[in-house]
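Close look at the chain arrangement
Listed below are the residues making up each chain.
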Amino acid sequence: MNISLVIPLLNEQESLPELSKWIEKVMTSHNFSYEVLFIDDGSTDASWQTILDLQKSNSNIKGIKFLRNYGKSQALHAGFAKALGDVVITMDADLQDSPDEIPELFDLVQNQGFDLISGWKKKRYDSVVFKNIPSKLFNWAARRISGVKLNDFNCGLKAYNNVVIKNIEVSGEMHRYIPVLAKNAGFSKIGEKVVIHQARKYGSSKFGIDRFVNGFLDLITIWFISKFGKRPMHFFGLLGSLMFFIGFILTVYLGIDKLFIHKTARLITNRPEFYIALTTMIIGTQLFLAGFLGEIILRTKSNEERYKISETL
């Protein structure tokens, strides 16, 4: 199979018929063998029924329905697990991503050897204040911290070699950082393509300004995991040992001072150095234990799924 399209969605019943016809037209004109995986992330409208109806006229359409809303990352995770195509392309269901980009994305991965191609919505039709400016700041920070030189981490239109999506773990809200996850997994041929961004035709955006705040927090998380995810003791143990050592040196100093130098001076408990020493030793011990527990958790980690599926089409 040439292409698997993985499309997560939430309450997009109005756009699905038009999107499905558009995809079918592009695939047919280029003679692609393909599948469309619609991941219904807990929609409360008739999105799932629409998918069922569309499948009756197009057997290439498949679907996964979550019991409730689990988030875009979980939807992509479920879609990636089922995808069979040589090239896997993700896109949003709101018609803001154009299926006309599919042939070129496929060519870049299949014929030009890229592991991953990320879309870049260079010209956007979103709110300048609430989306465009925060997006530019977010992408700048993501480039600086991750080292992946992309202009648009948030673009949902991306193309992957199948082997990439089978070797990365998308969890939490890490969908925007899949290129970083791919880089950390050893896939270095990551490119970018300017894509068309269309104004939303139906409904309203499911994402608010809070996604950028969450995005920065996730960026810190993914930086830490990429550096110390396999060896948490190297981070927590080092800090803990340093803090404990500082506290221990202060304790020795206080003891020597009280026993041999200023024997009749004020009580040790009345000196600020005592509380600094006590605090740093306690914090150092806690950090060391955090690293130790992290190592234990890492070795006993289960692979329990992070979502529940009610139906599969």
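See the structure shown above.
Residues numbered from 1 in each chain as written. Predicted model: local features only at pLDDT ≥ 70, side-chain atom pairs only at ≥ 80, totals over all residues. Heavy atoms only, no water.

Regarding the packing of aromatic side chains
- Taken as a whole, this structure holds 10 aromatic pairs when the rule is applied.
- Grouping aromatic residues by their ring pairs yields a cluster made of F224, F228, F235 and F236.
- Positioned over the ring face of F114 is K189, at 5.1 Å from the centre of the ring. (Phe/Tyr/Trp six-rings, centres within 6.5 Å; stacked < 30°, edge-to-face > 60°. Lys NZ or Arg CZ within 6 Å of the ring centre and 35° of its normal.)

Thoughts on the side chain of H175
- Mapped onto the secondary structure, H175 falls in the loop between helix 6 (162-165) and helix 7 (178-185).
- The exposure class assigned to H175 is buried, which follows from its relative accessible area of 13%.
- Once residues within four sequence positions are removed from consideration, H175 is found in contact with K72, S73, L76 and V170. (Helix = DSSP H or I, 4+ residues; strand = E, 2+ residues; numbered from the N terminus. Buried < 20%, exposed > 50% of the residue type's maximum accessible area, 1.4 Å probe, protein only. Contact = heavy atoms within 4.5 Å.)

Focus: the sheet that holds strand 4 (residues 87-90)
- In space, the eight strands of this open sheet follow the order 7-5-6-4-1-2-3-8, with mixed pairing throughout. The open sheet has two edge strands with one neighbour each: strand 7 (190-194) and strand 8 (309-312). On average, each strand axis in the sheet is tilted by 20 degrees relative to the strand beside it, whichever way the strands run.
- Bridge count between strand 4 and strand 6 (residues 158-161): four bridges; the pairing is antiparallel. Paired with I89 across the two strands is A159, which belongs to strand 6.
- Along the sheet face, helix 3 (residues 72-82) touches strand 1 (3-9), strand 2 (34-40), strand 3 (61-66), strand 4 and strand 6 and points at about 155 degrees away from the line of strand 1. (Pairing = 2+ DSSP bridges. Axes fitted to C-alpha atoms, helices over the stretch in contact; angles between N-to-C directions.)

Thoughts on a nonpolar patch on the surface
- Together, F244, F245, F248, I249, V252, I256, L259, F260 and I261 make up an exposed nonpolar region whose accessible area comes to about 900 Å².
- Summarising the element assignment, L259 is placed in helix 9 (residues 232-261).
- The class for L259 is exposed, based on a relative accessible area of 56%. (Patch = residues over 30% accessible without salt bridge, like charges linked within 9 Å, V, L, I, M, F, W, Y side chains within 5 Å. Areas by Shrake-Rupley, 256 points an atom, 1.4 Å probe, with all protein chains shown as cover. Salt bridge = Lys/Arg side-chain N within 4 Å of Asp/Glu carboxyl O.)

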